[in-house]
Amino acid sequence: MTRARSSRSILPGFGLSLGFTLAYLGLIVLVPLSAAFLRTAGMSWHDFVAAVASPRVIAAYRLSFGASLAAGFVNMVFGLIVAWVLVRYSFPGKRIVDALVDLPFALPTAVAGIALTSLYSPNGWIGRWLAPLGIRVAFTWTGVFIALTFIGLPFVVRTVQPVLQELEPEIEEAASTLGANRRQTVIRILLPELLPSLLTGFALAFARALGEYGSVVFISGNMPMKTEIVPLLIITKLEQYDYRGATAIAVVMLVSSFVLLLLINLLQKWSRRFHTI
Amino acid sequence: MAPAVPAPHATRPPFGARPARSELPRATRDPAWARWALTGAALAFLAFFLVLPLVVVFAQAFSKGGAYFLAAIREPDALAAIRLTLLTVAIVVPANVVFGIAAAWAIAKFRFPGKSLLTTLIDLPFAVSPVISGLVYVLVFGAQGWLGPWLIAHNIRIIFAVPGIVLATAFVTFPFVARELIPLMQAQGTDEEYSAVTLGANGWQTFWRVTLPNIRWGLFYGVILCNARAMGEFGAVSVVSGHIRGETNTMPLHVEILYNEYNIAGAFAVASLLALLAIATLVIKSIVEWRQTRTA
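In this text the structure is predicted, and so the values were computed from the model without any measurement.

Draft legend 1. Inspection of the layout of surface pockets at higher detail. Taken as a whole, the second largest pocket encloses approximately 560 Å³ of empty space. Residue lining of the second largest pocket: 22 residues in total, with Tyr213, Ile235 and Glu239 of chain A together with Glu256 and Asn260 of chain B positioned closest to the centre. The set of elements that each furnish at least two residues to the lining of the second largest pocket consists of α12 (214–220) and α13 (230–239) of chain A together with α11 (235–241) and α12 (251–260) of chain B. Broken down by class, the residue content of the lining of the second largest pocket amounts to 14 nonpolar, six polar and two charged.

Structure (structure tokens):
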């Protein structure tokens, strides 16, 4: 476009704004992040494997990835239900409920952590009803799962909600006219249409849960091999002055996050293509 | 009261705008039992995961009475933590606002190669675990880090001191303002700025008189989100702070210390201030969103 190309000469400030952006991005984000990769590059392969694949670290990966997957899955199911209810139905207090969905984004993670621990500890408001049934939540795998579910809650709701809002009622009317009952319409028409955004929300919640620290450390009990998440293990290694070990695990987590980020970008492209048709 | 003939598509309002359920066409209406079951499931899920944790914060904060609550938040270490949190926010938020505006101006108003890569890199801190965000600064500025020996020789402390806390917070809140402004300024285009420049305004006049009034709500929204995260950041700050009471403890770190000392009521008293901040953030966010849909 000729107009856009000429913009370079008409509007001022390109050099200043881009220069500042790149300098600030470099200093705050890129240089420190590269420090982690360069530090690990100085390790021998043998040391690296020993640091990232010891039994204690493997147990932490298993807990972090497993609980994050489970939490992401629960959020996918309930996030869809919440988004559906918020878009399609009306009930008193709907606007407040809608605003409340963002609470896990706004509430500091340490506050969420101590609040959840207090609720689910054996004498807490919820824990005291579960204790007689033999269900322990605080200081177990379930506690980690509960905290990660809390932290990932808004993602699926907020990715599915706009798609559901823009969905044309015509496609459901057409399905109904052609003889589909409501269940068939939901399963064959609506769910496939919502699938890309559901998966995007799931991946976002999963990625957030993998790195989460504050809301988990209080409720998890932090027992090595049992309830020790990967971010906590990184902190433990740092406190023992094992900088190389901490950095090696951090690099494994960073690479996982970047792969997830790539996947999320691809999913979003897919979902956008779905909706321009 | 459903209309016999469906209205033409162009005049049909979106779902949210429909006045009442009874006017929804039959085909998009769920049976009553499904409506009740789904609404019940959604509200129960949200009550357990959102409402109860929020309520328990305030219940615990006042569990030993109002006097204890006031004493807990007026104690010198708590006040020092509040001051440090406010100081951090006072540095980080303006820095990220200037960055966000500069990045959005460059990305939205000009064309250059590598733009989508730059946009992805700006979002990068969201993909990084808070703990790792703190760790990378230790690797640069810590005693064993790149600049460690030089900093020690010149007696400059960054890690386990306030500058480290500010840097780690800046990293974690880095994308908030930029990612609100970039899509907004892209959607607004450059026509108004062209007119201003053509009529003789210089760059700063164009920015202050034309661009800034256009983006003020988006900017405000970004600042609110950035502020909430900056005040509440825990993991990243925990790694770089050193946890020195009264000196390098922010409010979330102070909450952790009190909690680990089994001063539960005290921990929740300070936590309730942070929870109030979260509620205020959500209220302001809803108002700004409501305004935006109104003006749109």
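Moving on from the model shown.
Draft legend 2. Highlighting the nonpolar core. Counting 178 residues, the largest nonpolar core has Leu107 and Ile234 of chain A together with Ile122 of chain B as its most contacted members. Setting aside chain neighbours within four positions, we find Ile234 of chain A in contact with Ala246, Ile249 and Ala250 of chain A together with Val131, Ile132 and Leu135 of chain B.

Draft legend 3. Representation of helix α8 (residues 175–188) of chain B within the structure. All names here are of chain B. With 14 residues, α8 should cover 20 Å at 1.5 Å per step; its first-to-last C-alpha distance of 20 Å lies within 8% of that length. Within the sequence span of α8, burial applies to Pro175, Phe176, Val177, Ala178, Leu181, Ile182 and Met185. Looking at the buried residues of α8, the elements they touch are α3 (76–109), α4 (115–127), α7 (162–172) and α10 (203–232).

Draft legend 4. Summary view of the interface of chain A and chain B. At the junction of the two partners, chain A supplies 97 residues and chain B supplies 99 residues. Carbon and sulfur atoms make up 77% of the surface buried where chain A meets chain B, a total of about 8800 Å² over both sides. Contact with chain B buries area across many residues of chain A, yet Leu11, Tyr24 and Tyr89 of chain A alone supply 7% of it, more than any other trio. Summed over the shared surface of chain A and chain B, the result is two salt bridges.

Draft legend 5. Structural detail: the environment of Leu16 of chain A. Residues and elements named next belong to chain A. The residue Leu16 is located in helix α2 (residues 14–41) in this model. For Leu16, a relative accessible area of 58% puts it in the exposed group. Taking the C-alpha atoms as reference points, Leu16 and Glu239, 223 residues apart in sequence, are found 41 Å from one another.

Draft legend 6. Representation of empty space enclosed by the protein within the structure. This model, assessed by the stated rule, comprises two cavities of 30 Å³ or more. Size it by volume and the largest cavity reaches roughly 40 Å³. Surrounding the largest cavity, Thr85, Thr88, Ile165, Thr169, Ala230, Met231, Glu233, Val237 and Thr250 of chain B form its lining. At the level of elements, α3, α7 and α10 of chain B are the ones that each hand at least two residues to the lining of the largest cavity. Per-class residue counts for the lining of the largest cavity are four nonpolar, four polar and one charged. Taken as a whole, the second largest cavity encloses approximately 30 Å³ of empty space. For the second largest cavity, the full set of lining residues is Val82, Val85, Leu86, Phe91 and Val97 of chain A together with Ala42, Leu43 and Leu46 of chain B. Residue assignment for the lining of the second largest cavity shows that the elements contributing at least two residues are α4 (55–88) of chain A together with α1 (32–61) of chain B.

Conventions adopted
Residues numbered from 1 in each chain as written. Chains lettered and ligands numbered in written order. Predicted model: local features only at pLDDT ≥ 70, side-chain atom pairs only at ≥ 80, totals over all residues. Heavy atoms only, no water. 1 Å grid on protein atoms, 1.4 Å probe; cavity = no way out; pocket = protein on both sides within 12 Å on 5 of 7 lines; lining within 4 Å. Points joined across faces, edges and corners; volume = space filled by probe spheres on them. Helix = DSSP H or I, 4+ residues; strand = E, 2+ residues; numbered from the N terminus. Nonpolar A, V, L, I, M, F, W, Y, C, P; charged D, E, K, R; others polar. Core = buried A, V, L, I, M, F, W, Y, C linked by side-chain atoms within 4.5 Å. Buried < 20%, exposed > 50% of the residue type's maximum accessible area, 1.4 Å probe, protein only. Contact = heavy atoms within 4.5 Å. Expected span 1.5 Å × (residues − 1). Buried area = accessible area lost by both parts, 1.4 Å probe. Salt bridge = Lys/Arg side-chain N within 4 Å of Asp/Glu carboxyl O.

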